[in-house]
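Residue-level structural notes
Spelled out from the first residue to the last, the chains are:
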Amino acid sequence: MQDSPEFPISRLERAVQYLLLLALFCVPFSTWLTNVFAGICVLCFAGALASSAPLRAAVRTPPALLALGLLALLVLGASWSIGQHGDIVSALKKYSRLLVLPVAVATSIRDRTMAARALAAFLGGAAVLATSNYLVWHNLMPSSSLGWWRIGDAKDAFSFKNHITIGILLSFATVVSVLGASYVQGARARVACLVAGVLFSVPIIFLNQGRTGYVALFVGMVVLFLLRVRFTVLRTIFGVGAIMLLFVGFYAISNNFKARTDDLITEVRTDQKRSPNGLRMSYLRSGLGVVAAHPLLGLGTGSFAEVYAPIARRDWPEDKLAETRHQPHSEFLLIAAQLGLTGLLLYFAMLGSLLRPALAARSFHADALVLLWTIYVVSSSFNSLLWDVTEAYWFLLLAGSLYVSARFSRQAAQSPAQGT
């Protein structure tokens, strides 16, 4: 494989890079623009493949091939699906986003600056998202008469995206900013990174009502501590304890944090069927039932709505939940219900291949990939992130670019050892 761009990068390849960066910039605040830029990016990439042997070679990496393999299995899964035709088509459209992972990997192999540019593009979009949250909080954010974006109010100051998505994206932006502070040289640069981290974190804790963001931020901070502090048992105990105390403080001073946490405790204690937690538990029982009955290949692509419909009609007869619930708020359970353990193992293999080089090298981009991967995987346990447009593009585009940088860092670290 051609790891360094000895062959000139064509104008079409450059166009693919710019479109990828534009898509990443738009991810936090515009689904429509993200889809447009990502779609054109994939089309241009297909054209560039036809005329560039080095680009074709760059696609042959484990994450890219496994992503294509998972997409192929999803297409094949449509043949045995019990889902309705519209649900199958909708699912395939959603999972077609897997195509951007090979694009991100290949373009980053051809241009080693892509990881830094991709991360900067996302952080720029995250800054737009965070700023809009502050504007909503101060009642300064304009609404769209055409419904192009949504806004909340001072009690739940979301904008553009729902509070779950905002929590996930801004959690990563927070911890990667703090990670940058631990790598940059110079007091001013370090302070700028820390200020950015604080500005990204405030909407999660104080302005929005997304519990997923609380979990993602906590997990990200713990992983960040473990990455950047030399491990000892005592340091780990005190460090994790300090982070836990910080979140206890958030609970004490943030009305949103306290209210949403108390709501969850009440839902769990009372086992309310008609509550967010009760709904998730019904998804869990339905999905596990499918996996137990059809462990090898599941019930096919886009089948979960059909599986869950009888339960929805029984428990929520006056609602339209039976016709609208297509995913169980767990990406792992959703994949297993559709494709069985075969698809789940392929999905885990793709995730593992992305993480592997980041565990063998210590660099800013390698550590950023670990943070990205951890927040994505933990959040995917109780959200369907690959199914959701924003989170899917966020993870696949960034992970593909950071994977390449981490792999180059690992190769650079191994080269001196091999030469001695």
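Use the structure listed above.
Below is a short write-up of the structure. (Residues numbered from 1 in each chain as written. Predicted model: local features only at pLDDT ≥ 70, side-chain atom pairs only at ≥ 80, totals over all residues. Heavy atoms only, no water.)

1. Considerations on the environment of Glu13
- Tracing the backbone shows Glu13 in helix α1 (residues 11-26).
- Note on Glu13: relative accessible area 5%, which makes it buried.
- Along the primary structure Glu13 and Ser52 are separated by 39 residues, whereas in three dimensions their C-alpha atoms are 9.0 Å apart.
- A distance of 3.0 Å separates polar atoms of two side chains, one belonging to Glu13 and the other to Arg110. (Helix = DSSP H or I, 4+ residues; strand = E, 2+ residues; numbered from the N terminus. Buried < 20%, exposed > 50% of the residue type's maximum accessible area, 1.4 Å probe, protein only. Polar contact = N/O pair within 3.5 Å; in protein donor to acceptor, adjacent residues only side chain to side chain.)

2. Quick word on the pattern of salt bridges
- For the structure shown, the criterion picks out five salt bridges.
- In this structure, Arg14 engages Asp111 in a salt bridge whose closest nitrogen and oxygen atoms are separated by 2.9 Å. Of this pair, Arg14 sits in helix α1 while Asp111 sits in the loop between α6 (100-110) and α7 (114-137), placing them 97 residues apart in sequence.
- Salt bridges here are not isolated pairs; linked through shared partners, they connect Arg14, Asp111 and Arg117. (Salt bridge = Lys/Arg side-chain N within 4 Å of Asp/Glu carboxyl O.)

3. Focus: the packing of aromatic side chains
- A full pass over the atoms with the stated rule returns 19 aromatic pairs.
- Seen in terms of ring centroids, Phe247 and Phe250 are 5.1 Å apart; in terms of plane orientation they differ by 70°. Their pairing is edge-to-face. With Phe247 and Phe250 both in helix α11 (residues 233-253), this residue pair falls three residues apart, about one helical turn. Phe250 shares its class with Phe247; the two are buried.
- Between Tyr376 and Phe395, the ring centres sit 3.8 Å apart and the planes meet at 10°, which makes this aromatic pair stacked. Of the two residues, Tyr376 is situated in helix α17 (residues 364-380) and Phe395 in helix α18 (residues 389-419); the sequence distance between them amounts to 19 residues. Each member of the pair, Tyr376 together with Phe395, is buried.
- Put simply, the rings of Phe206, Tyr214, Phe218, Phe247, Phe250 and Phe257 pair up and form one aromatic cluster.
- Its end group placed over the ring of Phe408, Arg112 keeps NZ or CZ at 3.9 Å from the ring centre. (Phe/Tyr/Trp six-rings, centres within 6.5 Å; stacked < 30°, edge-to-face > 60°. Lys NZ or Arg CZ within 6 Å of the ring centre and 35° of its normal.)

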